[in-house]
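Breakdown of the fold
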Amino acid sequence: MGWQCGLKLQMGEIEQKRKTVFVTVGTTLFDALVKAVDTEQVKHELQRRGYTHLLIQIGRGSYIPDKCEGEGGSLVVDYFTFSSSIAEHLRSASLVISHAGSGSIFETLRLGKPLIVVVNEDLMDNHQSELAEELAERKHLYCAHPQALLETIADMNLESLLPYPAGDAKPVINLINRFLGFPDD
Amino acid sequence: MEEAHDCCFSIATMITIFLLVVVIRVVYVFYRTGKPLSSKSSKPRSTLIVLGSGGHTAEMINVLSVMQKARFTPRFYIAAATDNMSLQKARVLEDSLADEIQDKKVPAEFMQIYRSREVGQSYITSIGTTLIAIAHALWLMLRIRPEVILCNGPGTCVPLCVIAFLFKVVGIRWSTIFYIESIARVKKLSLSGLLLYKLRIADQFFVQWPQLQRKYTRSQYVGCLM
């Protein structure tokens with residue numbers, strides 16, 4: 001009984017110490033983001049900030065990051081292509097670095113996780129940066145280009161981020177009802 | 001000779017009258033579009049819901065989850081043929097409704113449509129694919145003839161809404177079109193949104209950011225759906 005208890009305590013300690021950065025490129029690919037994360041400077045900066053693990057979802061990208069088991073106390077790095085349990089990875093992360101898709105952004109914000117959105121400059125119709133920039137201006141997240149990721153991580157102050165209030169579809173439904181002549185509730 | 005001349009004259013007159021009637025009808029439809037329906041009744045209205053990929057569907061599901069389903073019945077869902085996820089999500093929502101009200105069958109139908117433009121496709125080749133999409137859309141719309149159309153931005157909604165407008169002109173069905181611009185559009189409208197706004201096809205045009213409303217003054221600001 002005693003040793004089991006001790007083991008549990010130890011496991012708990014490890015869990016407590018584990019601080020994962022989860023990187024996601026979404027349903028397609030975003031090599032520039034994976035490359036930017038997989039640099040010594042960025043990994044060093046993440047470790048300096050107290051993160052222990054780096055998990056990267058690389059999608060269909062061709063750039064493969066270096067795996068690392070954490071020898072000598074360095075950052076543990078792992079990657080995968082796609083997963084049906086992105087939600088779980090988001091939940092267990094301490095910091096999320098994401099592409100600018102609205103689905104990924106709002107899923108992370110709803111979980112109340114600190115978020116850095118990295119804008120893909122290679123997209124033809126790059127309207128995606130609009131949303132990330134607006135939410136960054138409202139202090140719900142940080143927004144960066146791949147080249148500026150290191151600076152953003154170095155300068156970020158997670159305490160200054162504001163929680164994102166949940167959206168509400170009732171105003172639009174009320175307008176639709178009124179327009180169609182449905183009686184008010 | 002005189003008779004032939006008379007004949008030509010009467011054909012020309014008929015064509016002129018016909019065109020005049022069409023023009024008057026189109027003007028009337030434009031005039032009525034955007035004005036609230038006058039009838040105050042709780043009679044359920046058949047509703048077409050156009051789904052798009054990823055973020056679009058998530059926003060639409062949020063809208064559907066707070067709407068009074070009994071008023072928007074039967075419901076028809078349309079998604080792009082390349083997109084299986086969206087219809088799947090709508091099915092999950094409809095199934096949860098069926099459990100809730102313990103009805104034998106919730107009247108909902110799910111359909112797929114050819115896309116007018118894939119993400120990243122050039123604007124020139126999209127003309128051809130748009131024509132195919134229009135033909136398919138026409139077939140689906142003749143079957144559904146919805147009284148209400150809800151859409152929020154995928155390219156597939158443009159042909160459907162244009163056809164709905166033509167149905168109004170011809171008198172096949174009067175559909176009320178609600179367009180909700182995606183939350184991802186903060187400063188500029190999407191191509192679909194811009195078309196429906198400029199052509200004045202949408203009865204009500206909703207946006208989720210105040211700065212967008214200030215730029216497109218006929219739109220209505222409704223706050224964030226996500």
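All values reported here derive from a predicted model rather than from experimental measurement.

Moving on to the environment of B:F165. Residue and element names in this part refer to chain B. Looking at where F165 falls in the secondary structure, it is placed in helix α5 (residues 157-170). Note on F165: 21 C-beta atoms within 10 Å, which makes it buried. With twelve residues separating them in the primary sequence, F165 and I177 have C-alpha atoms 8.9 Å apart.

On the side of chain B, 37 residues touch chain A, which itself brings 25 residues to the contact. Grouping the amino acids of the side of chain A that touches chain B by side-chain chemistry returns 13 nonpolar, seven polar and five charged.

Take the domain arrangement of chain B next. The assigned domain composition of chain B is domain 1 (1-32) and domain 2 (43-221). Averaged C-alpha coordinates put domain 1 of chain B and domain 2 of chain B at centres separated by 35 Å.

Attention now goes to the packing of α5(B) against helix α6 (residues 191-198) of chain B. Residues and elements named next belong to chain B. Axis separation between α5 and α6 bottoms out at 10 Å; the angle between their running directions is 15°. Judged on the interaxial angle alone, α6 and α5 are roughly parallel. Crossing hand, α5 versus α6: right-handed. Between α5 and α6, the contacting residues are C157, V158 and C161 on the first element and S192, L195 and L196 on the second. Its residues assigned to classes, the contact of α5 with α6 comprises five nonpolar, one polar and no charged.

Our focus in this paragraph is helix α6 (residues 128-137) of chain A. All names here are of chain A. If you check which residues of α6 are buried, you get S129, L131, A132 and L135. In an axial view of α6, the angular spread of the buried residues amounts to 160°, which keeps them on one side of the axis. Contact partners of the buried residues in α6: α5 (102-110), β5 (115-118) and β6 (142-144).

Comment: phi is negative for the bulk of residues other than glycine, and the bulk of peptide bonds are trans. Cis rather than trans, the peptide bond between B:T73 and B:P74 has omega equal to -10°. Its place among the elements puts B:P74 in the loop between α2 (55-66) and β2 (75-80). You will see that A:K139, though not glycine, has its phi angle at about 65°, which is positive. Within the secondary structure, A:K139 sits in the loop between α6 and β6. Backbone geometry at B:R200 places phi at a positive 55°, although glycine is not the residue there. Positionally, B:R200 belongs in the loop between α6 and β6 (204-207). Residue classification places B:R200 among the partly exposed positions, given that 14 C-beta atoms sit within 10 Å.

Residue and element names in this part refer to chain A. What helix α3 (residues 40-48) keeps buried is the set V42, K43 and L46. Down the axis of α3, the buried side of the element spans an arc of 95°, and every buried residue falls inside it. Facing away from the buried side of α3, by more than 90 degrees, are the exposed residues E40, Q41 and R48. Close packing links the buried residues of α3 with β1 (20-24), α2 (31-37), β2 (53-57) and α7 (149-155). Two residues or fewer past α3, G50 is found with a positive phi of approximately 95°.

Okay, the packing of helix α4 (residues 125-144) of chain B against α5(B) next. Residue and element names in this part refer to chain B. Where α4 meets α5, the closest approach of the two axes is 9 Å, and the angle between their N-to-C directions is 55°. Here α5 runs oblique to α4, going by the angle between their axes. Relative to α5, the crossing made by α4 is right-handed. Residues A133, I134, A137, L138 and M141 of α4 form the contact with α5, whose own contacting residues are P159, L160, I163, A164 and F167. By residue class, the composition of the contact of α4 with α5 is ten nonpolar, no polar and no charged.

What follows covers the sheet that holds β6(B). Residue and element names in this part refer to chain B. Read from one edge of the open sheet, seven strands run β3-β2-β1-β4-β5-β6-β7, paired in parallel fashion. Of all the strands in the sheet, just β3 (108-113) and β7 (220-221) have a single pairing partner and so form its edges. Examined bridge by bridge, strand β1 (residues 47-50) and strand β4 (residues 148-151) share four bridges and lie parallel to one another. Bridged to V50 within β4 is C151.

Conventions used here
- Residues numbered from 1 in each chain as written.
- Chains lettered and ligands numbered in written order.
- Predicted model: local features only at pLDDT ≥ 70, side-chain atom pairs only at ≥ 80, totals over all residues.
- Helix = DSSP H or I, 4+ residues; strand = E, 2+ residues; numbered from the N terminus.
- Buried ≥ 20, exposed ≤ 12 C-beta atoms within 10 Å, placed from the backbone.
- Contact = placed C-beta atoms within 7 Å.
- Nonpolar A, V, L, I, M, F, W, Y, C, P; charged D, E, K, R; others polar.
- Domains from an automatic or database assignment.
- Axes fitted to C-alpha atoms, helices over the stretch in contact; angles between N-to-C directions.
- Parallel < 35°, antiparallel > 145°, perpendicular 65-115°, else oblique.
- Left-handed = near helix turned anticlockwise from the far one by under 90°.
- Arc of directions from axis to C-beta.
- Pairing = 2+ DSSP bridges.

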